[in-house]
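# Report on the structure
Each chain, letter by letter, is given below.
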Amino acid sequence: MKWFLILWAGPIALLGSWYGLSYYDMSFGIFMLTRDAHDLVFRIYGHILGIPPESIPPLVLRAIIFDSLLVFALIAFRRRRKIAAWWQARRQSSSRAALASDESLSSAP
């Protein structure tokens, strides 16, 4: 599971870092981090896909959100017993706290 998360988060972090640095033109002397390279990449992808280049970043963001939900659903499914035990313990502790507060209110003068 650890490698699965690393292989999921690595490309997202790399893409997000590149997008942020190139969008704000923080190139540090590297051409791929310039705004010109940023615009060129999205123009090429837009031409290949046949859509306007400015519509690609929101589509990528929606895909990342959807993939992230799938990954977290898979993790929750694999750990469902631990999550259920945690939930039961939480419900029991909250009911005990409610009983304790009722008792303290009933003994008030």
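A short tour of the structure in this document, coming up. Note that the structure is a prediction, hence the values are computed from the model and not measured.

## What about helix H1 (residues 2–23)?
- Taking 1.5 Å as the rise per residue, H1 with 22 residues should run 32 Å; its terminal C-alpha atoms sit 31 Å apart, in good agreement.
- Among the residues trailing H1, Asp25 stands out with phi positive, at a value near 60°.

## Considering the packing of H1 against helix H2 (residues 35–49)
- Across the interface, H1 lies against H2 with an axial gap of 7 Å and an inter-helix angle of 120°. When the interaxial angle is binned, H1 and H2 end up oblique. In the packing of H1 onto H2, the handedness of the crossing is left-handed. Counting all contacts with H1, which are made through Trp18, Tyr19, Ser22 and Tyr23, the residues of H2 involved are Arg35, His38, Val41 and Phe42.
- Class assignment for the residues of the contact of H1 with H2 results in five nonpolar, two polar and one charged.

## With respect to helix H3 (residues 56–78)
- The terminal C-alpha atoms of H3 lie 33 Å apart, and with 23 residues this matches the ideal 33 Å at 1.5 Å per residue to within 8%.
- Within H3 the residues assigned to the buried category are Ile56, Ser68, Val71 and Ile75.
- In this structure, the buried residues of H3 make contact with H1 and H2.

## Structural notes on the pattern of salt bridges
- This structure, assessed with the given rule, holds one salt bridge.
- One salt bridge connects Asp39 with Arg35, and the closest N-O pair in it is separated by 3.2 Å. Within this pair, Asp39 and its partner Arg35 are both found in helix H2, separated by four residues, close to a single helical turn.

## Focus: the layout of surface pockets
- In this structure, the largest pocket encloses a volume near 340 Å³.
- Taken together, 14 residues line the largest pocket, and the ones lying closest to its centre are Leu15, Trp18, Tyr19, Phe42 and Val60.
- Of the residues contributing to the lining of the largest pocket, the split by class is 13 nonpolar, one polar and no charged.

## Topic: a nonpolar patch on the surface
- Nonpolar side chains collect at one region of the surface, where Tyr23, Tyr24, Met26, Phe28, Ile30, Phe31, Met32, Leu40, Ile44, Tyr45, Ile48 and Leu49 lie side by side and expose about 1300 Å² of accessible area between them.
- Within the element layout of this structure, Met26 appears in the loop between H1 and H2.
- Residue Met26 is classed as partly exposed on the basis of its relative accessible area, which comes to 39%.

## A short note on unusual backbone geometry
- Of note in the backbone geometry, Asp25 takes a positive phi value of approximately 60° without being a glycine.
- Along the chain, the position of Asp25 falls in the loop between H1 and H2.
- Look at Phe28: it is not a glycine, yet its phi comes out positive at around 55°.
- Of note, Phe28 is situated in the loop between H1 and H2.

Criteria and thresholds
- Residues numbered from 1 in each chain as written.
- Predicted model: local features only at pLDDT ≥ 70, side-chain atom pairs only at ≥ 80, totals over all residues.
- Heavy atoms only, no water.
- Helix = DSSP H or I, 4+ residues; strand = E, 2+ residues; numbered from the N terminus.
- Expected span 1.5 Å × (residues − 1).
- Axes fitted to C-alpha atoms, helices over the stretch in contact; angles between N-to-C directions.
- Parallel < 35°, antiparallel > 145°, perpendicular 65-115°, else oblique.
- Left-handed = near helix turned anticlockwise from the far one by under 90°.
- Contact = heavy atoms within 4.5 Å.
- Nonpolar A, V, L, I, M, F, W, Y, C, P; charged D, E, K, R; others polar.
- Buried < 20%, exposed > 50% of the residue type's maximum accessible area, 1.4 Å probe, protein only.
- Salt bridge = Lys/Arg side-chain N within 4 Å of Asp/Glu carboxyl O.
- 1 Å grid on protein atoms, 1.4 Å probe; cavity = no way out; pocket = protein on both sides within 12 Å on 5 of 7 lines; lining within 4 Å.
- Points joined across faces, edges and corners; volume = space filled by probe spheres on them.
- Patch = residues over 30% accessible without salt bridge, like charges linked within 9 Å, V, L, I, M, F, W, Y side chains within 5 Å.
- Areas by Shrake-Rupley, 256 points an atom, 1.4 Å probe, with all protein chains shown as cover.

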